[in-house]
Amino acid sequence: MSRKDLPTIKVCILGETGVGKTCLSNKLTKGNRYVHNYLEEPTIGASFMCRTYEHNNNNLYKINIWDTAGQERYRSLAPMYYRDTVVALVVYDITNYESWSELEYWVDELRKNTTNTTILLIGNKYDLVDNIKIHLNEIEDFTRLNNDVKHIFFSAKKDDNCNKILDLIIDDYEDKIKRGIMFNIPLYSPKNTKVNLDKERYWCSNSLDKCC
């Protein structure tokens, strides 16, 4: 099976600026080849990456990831990127309580504007857990009140839970296929895609896998 024919899963990463969305997307797509950097440049609009991933040492999947900008001026563009998303990764910084407070906005937006999109909260920068500002009871209460929302901690620096996130994405996709919620139709994203909006340039960059 060629890479174009692989089952393809669309994922979108959302959250406030500075929470580490780009570090997450780089780690998910590049794996051990990614060199962690706290000083990643802020994303403008959105960037696109993809990865071929072997799930449970069996089936190959292509995961297309849209990494969106966190600045408030780009919020109106977000629906364009998370439309038809299988799983939305909503990221917050565990050392920044304000980023946690904004999660409700993103969850509400996804619920209003998507159908059958699974929401996975990512508690990022877990390597700085000694400086965590969110009480674990708050996380448990949020996921209990929003029982359709899942949660996982992550650290691009320590490589915590990278593959687990990818496995959760694929498990969710396979479950939706089995339940007839979505059809197993590969979605092909052209290489070096470029979109121009409002006189600004939004680049879609590919991972080293060159799967797109």
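Residues numbered from 1 in each chain as written. Predicted model: local features only at pLDDT ≥ 70, side-chain atom pairs only at ≥ 80, totals over all residues. Heavy atoms only, no water.

A. Molecular detail of the nonpolar core. Of all hydrophobic cores here, the largest spans 28 residues; its most connected members are Leu14, Val90, Tyr92, Trp100, Leu110, Ile119 and Leu121. Of all elements in the fold, only strand S1 (8-15), strand S2 (46-55), helix H2 (78-82), strand S4 (87-93), helix H4 (103-113), strand S5 (118-124), helix H5 (136-145) and strand S6 (149-153) reach the threshold of two or more residues within this core. In terms of residues, this core owes the most to one element, H4, which gives four residues. In contact with Leu121, not counting residues within four places along its chain, are Val90, Leu103, Val107, Phe142, Val149, Lys150, His151 and Ile152. (Core = buried A, V, L, I, M, F, W, Y, C linked by side-chain atoms within 4.5 Å. Buried < 20%, exposed > 50% of the residue type's maximum accessible area, 1.4 Å probe, protein only. Helix = DSSP H or I, 4+ residues; strand = E, 2+ residues; numbered from the N terminus. Contact = heavy atoms within 4.5 Å.)

B. Examining the pattern of salt bridges more closely. Enumeration over the complete set of coordinates arrives at six salt bridges. Between Asp93 and Lys125 there is a salt bridge whose closest N-O contact spans 3.0 Å. Of this pair, Asp93 sits in strand S4 while Lys125 is found in the loop between S5 and H5, placing the two residues 32 residues apart along the sequence. The pair formed by Asp93 and Lys125 is uniform in burial state, with each residue classed as buried. The partner of Asp148 in a salt bridge is Arg111, with the nearest N and O atoms 2.7 Å apart. Remark: Arg111 occurs in helix H4 and Asp148 occurs in the loop between H5 and S6; sequence separation between them is 37 residues. Note on Asp148: relative accessible area 40%, which makes it partly exposed. (Salt bridge = Lys/Arg side-chain N within 4 Å of Asp/Glu carboxyl O.)

C. Representation of the packing of helix H1 (residues 21-30) against helix H6 (residues 162-178) within the structure. In the contact formed by H1 and H6, the axes pass within 10 Å of each other and the chain directions differ by 80 degrees. For the element pair H1 / H6, the angle class is roughly perpendicular. Across the interface between the two elements, Leu24, Lys27 and Leu28 from H1 touch Cys162, Ile165 and Leu166 from H6. (Axes fitted to C-alpha atoms, helices over the stretch in contact; angles between N-to-C directions. Parallel < 35°, antiparallel > 145°, perpendicular 65-115°, else oblique.)

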